[in-house]
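A structural walkthrough
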Amino acid sequence: MDLGIKGDLALVVGASDGIGLATAKLLAAEGAAVTIASRDAAALAARAAEFGAEAMPCDATDAAATAALVAGWEAKHPRLDILVMAVGGSQRSSFEALTDADWQRNWEFNILATVRLVRDLLPALRRGHSPRVVLFGAASARMPYAEQIVSNVHKAGHVALVKTLSAELIGEGIRVNAVQPGRTVTRLWTQRAAKLAAEEGSTPEAVLARFAQDIPLGRFASAEEVADVAGFLCSPRSAYVVGQSIAVDGGITRGLL
Ligand SMILES: NC(=O)c1ccc[n+]([C@@H]2O[C@H](COP(=O)([O-])OP(=O)(O)OC[C@H]3O[C@@H](n4cnc5c(N)ncnc54)[C@H](OP(=O)(O)O)[C@@H]3O)[C@@H](O)[C@H]2O)c1
């Protein structure tokens, strides 16, 4: 399927690795001019060079760094057609062990960084051609996971963010949607599996196999499988999809809604 995004100007934040990188590569392969952002400038530049993207280092949880990213964008680009925000994650912990600082840090990571990025880029999006915003929530918004209370809460709030923001912006022609990944093989899971394996005296492979057991499809997703749906939402092919958070989860969320 031709996504119809040739020549679009795209910014993908959280894109030196994982699902953000896979999405950025897909957009570039479809002919968009892609800029990627993340914290580690050297890793980012190396990744960008691999597929002809522009690199703009940024810690999206830092308001000043986000303002600098936006200023850099405005200085170089006439408009923004596609914005993808892939920064987020979880902190595995019991409720009792989480401090106020943990809650605050995760709030900034999962919600405030996205709020600030979209808000600061609204002027560039308003000049965009059929502007599209794609955010990443999580399947945990539909089926909270044990020991992930902080991201369960924030990713549930993310659904409300997407719906409300979308309703507010669609009148200006800015289309906002989200993808909710299920368990996906990225650094997030390889690091978690290594930590759990060390605690349990097993192997990362055994941990991943155990976590795959309750996925109806029987395996983790690849970053590319999740990016395929994000790419569709970034495209005019999804023009009538507005304010949705679409699960790409191998069937793990068993609820009706
Ligand atoms: N993987 C899963 O199983 C899964 C499941 C549910 C939801 N999700 C969601 O999907 C999204 C992508 O997850 P992922 O697994 O692809 O993550 P990942 O593999 O951990 O990749 C994260 C990317 O974001 C960058 N990043 C991290 N913190 C950043 C910050 N403060 N500012 C800017 N860039 C930052 C990282 O580079 P630097 O470290 O250099 O900054 C890296 O490029 C997240 O929102 C996550 O919550 C993932």
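Residues numbered from 1 in each chain as written. Predicted model: local features only at pLDDT ≥ 70, side-chain atom pairs only at ≥ 80, totals over all residues.

For the pair helix 6 (residues 187-200) and helix 7 (residues 204-212), the least separation of the axes is 8 Å and the interaxial angle reads 110 degrees. Taken together, the axes of helix 6 and helix 7 are roughly perpendicular relative to one another. Between helix 6, through W189, T190, A193, A194, L196 and A197, and helix 7, the contact on the second element is made entirely by P204, A206, V207 and L208. Residue composition of the contact of helix 6 with helix 7, by class: nine nonpolar, one polar and no charged. (Axes fitted to C-alpha atoms, helices over the stretch in contact; angles between N-to-C directions. Helix = DSSP H or I, 4+ residues; strand = E, 2+ residues; numbered from the N terminus. Parallel < 35°, antiparallel > 145°, perpendicular 65-115°, else oblique. Contact = placed C-beta atoms within 7 Å. Nonpolar A, V, L, I, M, F, W, Y, C, P; charged D, E, K, R; others polar.)

Core analysis: the largest hydrophobic core is formed by 62 residues, its most contacted members being V12, V13, L27, I36 and V84. If one sorts the elements of this core by residue count, helix 1 (residues 18-29) sits on top with seven residues. Each residue touching V84, except ones within four places of it in the same chain, is listed here: V12, V13, G20, T23, V134, A230 and C234. Of all hydrophobic cores here, the second largest spans five residues; its members include A139, A141, A247 and I252. (Core = buried A, V, L, I, M, F, W, Y, C linked by C-beta atoms within 7 Å. Buried ≥ 20, exposed ≤ 12 C-beta atoms within 10 Å, placed from the backbone.)

As a further point, take the packing of helix 1 against helix 8 (residues 223-233). Any two packed helices are characterised by how steeply their axes cross, that is the angle between the axes, and by the distance between the axes. Where helix 1 contacts helix 8, the two axes come as close as 8 Å, and the packing angle between them is 55 degrees. It follows from the interaxial angle that helix 1 and helix 8 lie oblique. The interaxial crossing formed by helix 1 with helix 8 has right-handed handedness. Together, G18, I19, A22, T23, L26 and L27 of helix 1 and A223, E224, V226, A227, D228, A230 and G231 of helix 8 make up the contact between the two elements. In the contact of helix 1 with helix 8, the residues fall into eight nonpolar, three polar and two charged. (Left-handed = near helix turned anticlockwise from the far one by under 90°.)

With that settled, consider the sheet that holds strand 4 (residues 82-85). Ordered by their spatial adjacency, seven strands build an open sheet running 3-2-1-4-5-6-9, and the pairing between neighbours is parallel. Each of the sheet's edge strands pairs with one partner strand only, and the pair in question is strand 3 (54-55) and strand 9 (245-248). Two strands pair when backbone bridges link them, and strand 6 (residues 175-181) and strand 9 are joined in this way by four bridges, in the parallel orientation. Considered in strand 9, the bridge of P181 is made with V248. (Pairing = 2+ DSSP bridges.)

Remember that side chains alternate between the two faces of the sheet whenever the strand is regular. For strand 5 (residues 132-136), the tally of buried residues reaches five of five residues, placing the bulk of the element in the interior. Here strand 5 shows two buried faces, one formed by R132, V134 and F136 and the other by V133 and L135. Looking at chain direction, strand 4 and strand 5 are connected through four bridges and run parallel. Of the residues in strand 5, the one forming a bridge with M85 is L135. After leaving strand 4, the chain enters helix 4 (residues 100-126) and then returns to the sheet as strand 5, a path that is right-handed. (Right-handed = clockwise from strand over helix to strand, strands pointing away.)

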